[in-house]
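One letter stands for each residue in the lines below.
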Amino acid sequence: MKEKIEEYKKKIKEFWNEAYNKKILYFYFFMAILVTFLIELFAGINATDYSNMQGVFFLIGSPYIFLCNALIVLFTLSITLMIRRRLFGIFFVSALWMFFGITNAILVGIRVTPFIRSDMTMIDSALKIVDKYLSVWQIVAIILGVILGIVLLVIAFIKAPKIDHKVSVGRDIITILIIGVLCIGSIQLGRASNLITKKFDNLRKCYFNYGFVYCFTNSIFNMGVDKPENYNELLVKDISKRNQDEVEEEKVKDKPNIIFVQLESFFEVNDLKNVQFSENPIPNFEQLMKDYPSGYLTVPVIGAGTVNTEFEVETGMSLENFGSGEIPYNTYLQDYALESICYNIKPYGYKCHAIHNNDATFYSRYKVFSHLGYDTFDSLETMNIQDADAYNPKNWLKDRYLTDEIMKSLKSTKEQDFIYTITVQSHGKYDPEEYESKIKVQGIEDEALTASYEYFADQLSEVDTFVKDLTDRLSESKEHTIVVFYGDHLPTLDITEEDLENENLFQTPYVIWSNYKNDYFKNRDLYTFQLESVILKALHITDGRINLCHQANLDKDYADYKDELHVLTYDLTDGDHYADGEEVAYKETKLQMGVYPIKITNINVASDDDSGIYIYGKNFTTSCRVYVNDSIVDTEYIDNSTLFADVSELADGDVVSVHLVDSKDLEFFEVDNMEYHKDAMDSGRQGEETTKAKKEKKAKKKKKKKK
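All values reported here derive from a predicted model rather than from experimental measurement.

Peer 1: How should the overall build of the protein chain be read in this particular structure?
Peer 2: Secondary structure summary: the protein chain contains 25 helices and 19 strands in total. By the burial criterion, 53% of the 707 residues in the protein chain qualify as buried. Within the protein chain, counting contacts between residues at least 6 apart in sequence, those at least 24 apart form 74% of the total. As displayed, the protein chain offers around 33600 Å² of accessible surface, 54% of which is attributable to carbon and sulfur atoms.

As structure tokens, then:
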């Protein structure tokens, strides 16, 4: 018996050595098919609108597309032919694909939108909100899973056998090239026969139709704006001149304040066919739609991707012309400025403000907004809100606080104002624990989904109240003001086309409210990238090539002028800027954080035994941190005019600066600095006794809370 076991072991070993050293390509093919199958299976299991057997259906129902996906995996695996520890290489590449695939499955379930290249550039932003989407045990499980994966890879590297011969570089390179040609050729053939598409309209749908591996790879390599076939200077100038001739030149008479309010995950919930609410969550918004010009916007995203709706509204550019799944906030707008509504209205005397009740660092808005022409950015860090009930159960700041911030922005300037407001309260995920809803929902069988709808309806109801409060406040203003309210995308509530009256997942409502009589606008449906031009055309503001292109063609179908928009978009992004000459027309602004600037007015070294310094100034917030010579020091917020910093020694000439930190206490913006000079500053001591009293009062409050 023992001899037979040894004989079997010997045969298995011989078979393995033969396969590993001479027929390993079979294993490559097997792993490529297995990895592709498992990735699609996991995505289907986590997506409520697709079958748990998605991997099987994809393999059987779309064999050619499945083959294209497997060939991409095979090509990446084939690179490991160049190393002797091929088994380790195979498992490493397979593990990498599986990691991407599992990440995709998680995101498909949480936010609807699948995993794209741009997600890898915003890991810092994702980490800030991960606790809002995943429970502690899920986060721990993911961390442990990653650690386990790394440990297994290290063990595999140490234990994995080497091939028993030298790497045949020439032969293996030829093999890799053949697989590469097969891969690219199959994809090109699929595109030519319309089995596969290069451009994605519905990102989620395309990922399931064409496979994660192909779509994710496409999002990596298909970036930027494709060059139009007939692009040249004559064409660009001809389009610009033709558009100029189409739009009548009229003097701008009315220059009202213009406010855009982008409502997070806001849509017409009463269009849901089989869902009934115990009370209407959005009565005020619906009343506005009856009384004022309104319609539906076709937005570019579902469930997530707020900034892509922002981008289209602000620039007038269509994301259809950019790479599939591209987020221009993470690409173009990181480095240089693009035409935007801010740049188009500034020549008419407008000051431009951005307001968002969330971290300024999310999607790098504190960088991006300077490339869109904003003068100020009022974010969560500058609002200084400390109310106990300021946040909803998912820890998003309530939208009601935006009303005061908007009014503050209007009062901060003598000029006309453009204010772009981004709300956050009705953001997902919609699964608060131990939550008692005010609005009840019927028509949904799943209890967990019913609870999610009820929580969402409650949040939407409060957002609707914010809409009414804002219009009530602005109605009392003597300044002419136009407000555009609109939803950025549908929420992540497993909504399908069949669930909606209009059967369109990409439509959200909008309304144009004003506090004075005018006949500027009419009811109509629009694309988000046309919204700016509808508002500006009524006011006879024609600056900007993209804006002018829309204004000249608003009465046409978008299909009739989409090629013109593509040409102008390419010219302004990756092209030669023929429309405005060789020099780029748009320069980034020096962005001020906060409606009113944060300023240091004086610095005093503490005169008692406490080591530290008092920093006096204006508009300090709880997000302010003191730096001395570029090194952060412990900072205590006393009030909006006083900070206390734990500094043991301060010498003449030391630079004291105040920076803003985000919700994770990471510094991102220096707001002001001042050199310390003892004779000039300590001789004019200001308010130290008052400050001490405030500190003592705060300390007593903390003690009471602890008790």
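Structure's up, so let's keep going.
Peer 1: Mind showing me how you'd approach the environment of Val-368 here?
Peer 2: Here Val-368 is to be found in helix α17 (residues 365–368). Separated by 38 residues in sequence, Val-368 and Asn-330 place their C-alpha atoms 8.5 Å apart. Not counting chain neighbours up to four residues away, the residues in contact with Val-368 comprise Tyr-329, Leu-333, Gln-334 and Tyr-363.

Peer 1: Is there a simple way to explain the pairing of strand β1 (residues 257–263) in this structure?
Peer 2: Two faces make up the sheet, and in a regular strand the side chains alternate between them. Most of β1 sits inside the fold, with seven of its seven residues counted as buried. Of the two faces of β1, the one lined by Asn-257, Ile-259, Val-261 and Leu-263 and the one lined by Ile-258, Phe-260 and Gln-262 are each fully buried. Note that β1 and strand β8 (residues 481–487) share seven bridges and pair parallel. Across the sheet, Asn-257 pairs through a bridge with Thr-481, a residue of β8. Relative to strand β6 (residues 416–422), β1 is paired through five bridges, and the arrangement is parallel. Its bridge partner being in β6, Val-261 is matched across the sheet by Thr-421.

Peer 1: Please explain the packing of helix α3 (residues 54–61) against helix α4 (residues 63–78) as it appears in this structure.
Peer 2: Packed helices, taken two at a time, are described by their axes: the angle between them and the distance between them. Packing of α3 against α4 brings their axes to within 5 Å, and their N-to-C directions diverge by 110°. In this view, α3 runs roughly perpendicular relative to α4, as classed from their interaxial angle. For the pair α3 and α4, contact is made by Phe-58, Leu-59, Ile-60 and Gly-61 and by Pro-63, Ile-65, Phe-66 and Asn-69, respectively.

Peer 1: I would appreciate a short explanation of the sheet that holds strand β16 (residues 635–639) in the present structure.
Peer 2: Taken together, the four strands give an open sheet; going across it, the order is β12-β13-β17-β16, and neighbouring strands pair in antiparallel fashion. Looking at strand neighbours, the two that pair on one side only are β12 (599–605) and β16, the edges of this open sheet. For this sheet the average axis-to-axis angle between neighbouring strands, irrespective of direction, equals 25°.

Peer 1: Explain a negative patch on the surface here, please?
Peer 2: Side chains of Glu-445, Asp-446, Glu-447 and Asp-494 sit close together on the surface and give a patch of like negative charge. Secondary-structure assignment places Asp-446 in the loop between β7 (441–442) and α20 (447–475).

Peer 1: What exactly am I supposed to notice about the packing of helix α10 (residues 203–210) against helix α11 (residues 212–221) here?
Peer 2: Remark: α10 packs on α11, axes separated minimally by 6 Å, with the N-to-C direction vectors making an angle of 125°. Put simply, α10 runs oblique to α11. Residues Cys-206, Tyr-207 and Tyr-210 of α10 lie in contact with α11, whose contacting residues are Phe-212, Tyr-214, Cys-215, Phe-216 and Ser-219.

Peer 1: What is the right way to read the pairing of strand β13 (residues 613–618) from this model?
Peer 2: Taken across its six residues, β13 has five buried, putting it largely inside the fold. Bridge count for β12 against β13 is six bridges, and the pairing is antiparallel. Note on β13: the bridge partner recorded for Val-605 is Ile-613. With four bridges connecting them, β13 and strand β17 (residues 642–645) associate as antiparallel partners. Bridge pairing in β17 places Ile-615 opposite Leu-643.

Peer 1: When you look at the environment of Leu-650 in this model, what are you seeing that I'm missing?
Peer 2: Within the fold, Leu-650 resides in the loop between β17 and β18 (655–661). Under the relative-accessibility criterion, Leu-650 is labelled buried at 13%. In the structure, Leu-650 is positioned 45 residues away from Val-605 in sequence and 7.5 Å away in space, judged by C-alpha atoms. Leu-650 has contacts with Ile-603, Val-605, Ile-613, Val-628, Val-656 and Tyr-676, leaving out every residue within four places of it along the chain.

About the cut-offs
- Residues numbered from 1 in each chain as written.
- Predicted model: local features only at pLDDT ≥ 70, side-chain atom pairs only at ≥ 80, totals over all residues.
- Heavy atoms only, no water.
- Helix = DSSP H or I, 4+ residues; strand = E, 2+ residues; numbered from the N terminus.
- Buried < 20%, exposed > 50% of the residue type's maximum accessible area, 1.4 Å probe, protein only.
- Contact = heavy atoms within 4.5 Å.
- Areas by Shrake-Rupley, 256 points an atom, 1.4 Å probe, with all protein chains shown as cover.
- Pairing = 2+ DSSP bridges.
- Axes fitted to C-alpha atoms, helices over the stretch in contact; angles between N-to-C directions.
- Parallel < 35°, antiparallel > 145°, perpendicular 65-115°, else oblique.
- Patch = residues over 30% accessible without salt bridge, like charges linked within 9 Å, V, L, I, M, F, W, Y side chains within 5 Å.
- Salt bridge = Lys/Arg side-chain N within 4 Å of Asp/Glu carboxyl O.
- Lys, Arg positive; Asp, Glu negative; His and termini not counted.
- Charge placed at Lys NZ, Arg CZ, Asp CG, Glu CD.

From the geometry alone we can't say anything about function, so treat these as descriptive.
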